[in-house]
Amino acid sequence: MSVSDETRPATSSDYVGANTHAFGPGRHLRSRAKVLPEHARGHNRALVLQTLYHSGAMSRADLSRETGLTRVTISDLVAEFIADGIVVEMGVRETVGPGKPPILIDIDRVGHQIVGIDLSGPRAFVGAVLSLDGEVLERREVPRPDSADGDAAYAATLELARALVGAATQPVLGVGIGTPGVVRPDGYVLSSPNLGWSGLPLEAKLGVDLDLPVLVRNDANAAVLAEYTFGEAKADFMLIKIGRGVGAGLITGSQPLVGSRFAAGEIGHVVVGTDGGPRCACGKEGCLEAWLSVSRLTAAIDAAPESRDEILRDAGTRMAVGIAPIVAALDLSEVVLSGPAELLDGVLIDSAVTTLHARTLEGVFEDVQIRLTRQDDIVLRGAAVMVLSSQLGVS
C-alpha cells in the first residue's frame, strides 16, 4: 500500500494487530487516571520496572520495600520478567553476618536495543540504534527527499528503519520516530507539510512493514521526553526545539500535554507582535518561526554580521513575547531550548529571560529559567523513551 495511491485514506484500523510484539501492557507516562482493579497488574509491572530502571540492581526484598508491593507480588512479577527476558539475576550481594546473601536483579540493559529515528533534520533523516539507557550505539542517515513527496519520504524512512534494525546486535524492543507535524497519540500523522504527509497512519503502517512495535510522535514531543527522563528537567516545563522550524513540547504535572487537537506546542506559527516581520513559509508575516528558525537567524547574521547581537536580542525578545502567556497559564518552572548553542546561548537567552520576567507577574514567575539542554541527539533519545514507556512502562 503506497502513501498516496489509495482510493480512500488509510486509517489505523487497516493495521489492527500490527504491533503485537510488546512485552506486556505499558502505561502512559505518569498517568493521572485512577488505577482500577483490572489494571492493577499492569500498574504493578510498570512500577517494578520503573523502579529497577532508575534505581539499578537490588534484591527482591529491596524492591518490595521500595515499591510497597508484597513480596509474593514481587516474586511473581520478577519470575515473569525473567521468563520474558526483561529482567536478569546479577549475582549475590556481599553481606556481613549470618543468613543467605540476597540475589540482585536488574533490567537486562544489554539484552535488547531500541531504534530511534529523527525526521526533522534539514538535509537528512537521522537514526540510531540505542541501548535501553539511551546511549547511541550505531548511527545511520539517509538523504532527505528534495521535495514534499509523501511516498519518497515514507520510502526513505522505511529504508533507514530497516538498515538500523539490521545493524542492531540484540533483539529490538521497538522503533521510535520523531517527525515534524501534527501527530495523534496513535501515531497517525494528521499533517506534516514538509514531508508531504496528510492523514498517514505512519505508526501502524511501519509496524506492518517492519514487523516490530513502532511509536510515532511529533519531534518536539519526543525531545521533551528525553529531557524529562535523561536530563535535568523539572515536573513542569516547556522544551522549544529550534532548527529548520520551531516547535515545543510540554510536560505538566510530570505528564506530557498533547491537547484536544494533538497540537499542543505548535508555537512556530504564532504571530509575535503587531509590527509585521519576516514572511513565514506559511504565508503570514511575523510568525515566531520566521524570527527564530536557525535558517533565518543564520541568513540574517551572514547578511549583517555587525548586527549579530541585535538580531539575536530581537529574536530572544520575540520568543519571550510568544511564550510568556504559556508560562503564566500553565505555571511552568522552566523553559529549555534545544538548538545550536552558538546562536541560542548568551545574548538570545539573556534577552528572552529579561522579557519573560517583564511580561509575567512580578514575584511569582521571576524564578523561571530559560536554559539550553545538555542533551545530544535529543529526538533520538526521546524516541527511545517512547519505546520504553510503551513497552515497559518506563519513563
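See above for the structure.
Residues numbered from 1 in each chain as written. Predicted model: local features only at pLDDT ≥ 70, side-chain atom pairs only at ≥ 80, totals over all residues. Heavy atoms only, no water.

It is worth spelling out the sheet that holds strand β10 (residues 197-200) at this point. Spatially, three strands are ordered β8-β9-β10 in an open sheet, and the strand pairing comes out antiparallel. Single-partner strands in this sheet number two, and they are β8 (182-183) and β10. (Pairing = 2+ DSSP bridges. Helix = DSSP H or I, 4+ residues; strand = E, 2+ residues; numbered from the N terminus.)

Spatially, β6-β5-β4-β7-β11 is the arrangement adopted by the five strands of the open sheet, whose pairing is mixed. The outermost strands of the open sheet, each flanked by one partner alone, are β6 (136-143) and β11 (214-218). Averaged over all adjacent pairs, the angle separating strand axes in this sheet is 15°, with direction ignored. Sheet analysis places strand β4 (residues 113-118) next to strand β7 (residues 172-179), joined by six bridges and oriented parallel. (Axes fitted to C-alpha atoms, helices over the stretch in contact; angles between N-to-C directions.)

What follows covers the pairing of β4. Judged by how many residues are buried, β4 sits mostly within the fold: six of six residues are covered. In β4, alternate side chains face the same way, and those of Gln113, Val115 and Ile117 on one face and Ile114, Gly116 and Asp118 on the other are all buried. In terms of strand pairing, β4 meets strand β5 (residues 124-130) through five bridges, oriented antiparallel. Bridge assignment links Ile117 to a residue of β5, and that residue is Gly127. The loop that links β4 with its antiparallel partner β5 comprises five residues. (Buried < 20%, exposed > 50% of the residue type's maximum accessible area, 1.4 Å probe, protein only.)

We now examine the side chain of Thr373. Of note, Thr373 is situated in the loop between β16 (369-372) and α12 (378-392). At a separation of 2.4 Å, a polar atom in the side chain of Thr373 contacts the side chain of Glu227. A polar atom in the side chain of Thr373 sits 2.9 Å from the backbone nitrogen of Gln375. Apart from residues lying up to four places away in sequence, Thr373 is in contact with Glu227, Val336, Leu337, Ser338 and Ile378. (Polar contact = N/O pair within 3.5 Å; in protein donor to acceptor, adjacent residues only side chain to side chain. Contact = heavy atoms within 4.5 Å.)

In this fold, Ser351 is placed in helix α11 (residues 347-358). Residues contacting Ser351, with those up to four places away along its chain left out, are Arg313, Gly316 and Thr317.

Ranked by size, the top nonpolar core spans 42 residues in total, and within it Val48, Leu49, Leu52, Leu63, Phe237 and Leu388 carry the most contacts. Mapped by element, the contributors of at least two residues to this core are α1 (40-55), α3 (71-84), β3 (103-107), β5, α6 (219-230), β12 (237-242) and α12. Among the elements that line this core, the one with the most residues is α12, at nine residues. By size, the runner-up hydrophobic cluster in this structure holds 35 residues, among which are Met238, Leu292, Ile323 and Leu332. (Core = buried A, V, L, I, M, F, W, Y, C linked by side-chain atoms within 4.5 Å.)

Next up on the list: the environment of Thr157. For Thr157, the location among the structural elements is in helix α4 (residues 150-167). Note: C-alpha distance between Thr157 and Leu206 (49 residues apart in sequence) is 9.0 Å. Here Thr157 is in contact with Ile117, Leu119, Phe125, Ile177, Trp197 and Leu206, once residues within four sequence places are set aside.

Right, let's get into helix α2 (residues 60-67). The complete set of buried residues in α2 reads Ala61, Asp62, Leu63, Ser64 and Thr67. Where the residues of α2 are buried, they touch α1, β1 (58-59), α3 and β3. Positioned one or two residues after α2, Gly68 has a phi angle of 80°, which is positive.

As a further point, take the state of the cysteines. Here, disulfide denotes a covalent bond that connects the sulfur atoms of two cysteines. For the structure shown, the criterion picks out zero disulfides. Cys282 takes part in no disulfide bond, and the closest cysteine sulfur, belonging to Cys287, lies 3.6 Å away. Its relative accessible area of 40% is what places Cys282 among the partly exposed residues. (Disulfide = S-S within 2.5 Å.)

Let us look at the environment of Val394. Residue placement: Val394 occurs in the segment after α12. Val394 sits 340 residues away from His54 along the chain, and the two C-alpha atoms are 8.9 Å apart. In this structure Val394 touches Leu49, Gln50, Tyr53, Val385, Leu388 and Ser389, once residues within four positions along its chain are discounted.

Evaluation of the coordinates by the stated rule reveals zero aromatic pairs. In this arrangement the basic side chain of Lys205 is found over the ring face of Tyr154, its NZ or CZ atom lying 4.8 Å from the centre. When the ring centre of Trp291 is taken as origin, the NZ or CZ atom of Arg318, which lies over that ring, is 4.0 Å away. (Phe/Tyr/Trp six-rings, centres within 6.5 Å; stacked < 30°, edge-to-face > 60°. Lys NZ or Arg CZ within 6 Å of the ring centre and 35° of its normal.)

So, about unusual backbone geometry. In this structure, Asp211 is a non-glycine residue whose phi angle is positive, near 55°. Counting through the fold element by element, Asp211 comes out in the loop between α5 (202-210) and β11. On the basis of relative accessibility, which here comes to 48%, the residue Asp211 falls in the partly exposed class. One non-glycine residue, Phe262, lies in positive phi territory at about 60°. Mapped onto the fold, Phe262 is located in the loop between β14 (255-256) and α7 (288-292). For Phe262, a relative accessible area of 27% translates into the label partly exposed.

Coordinates in, geometry out; function isn't part of it.
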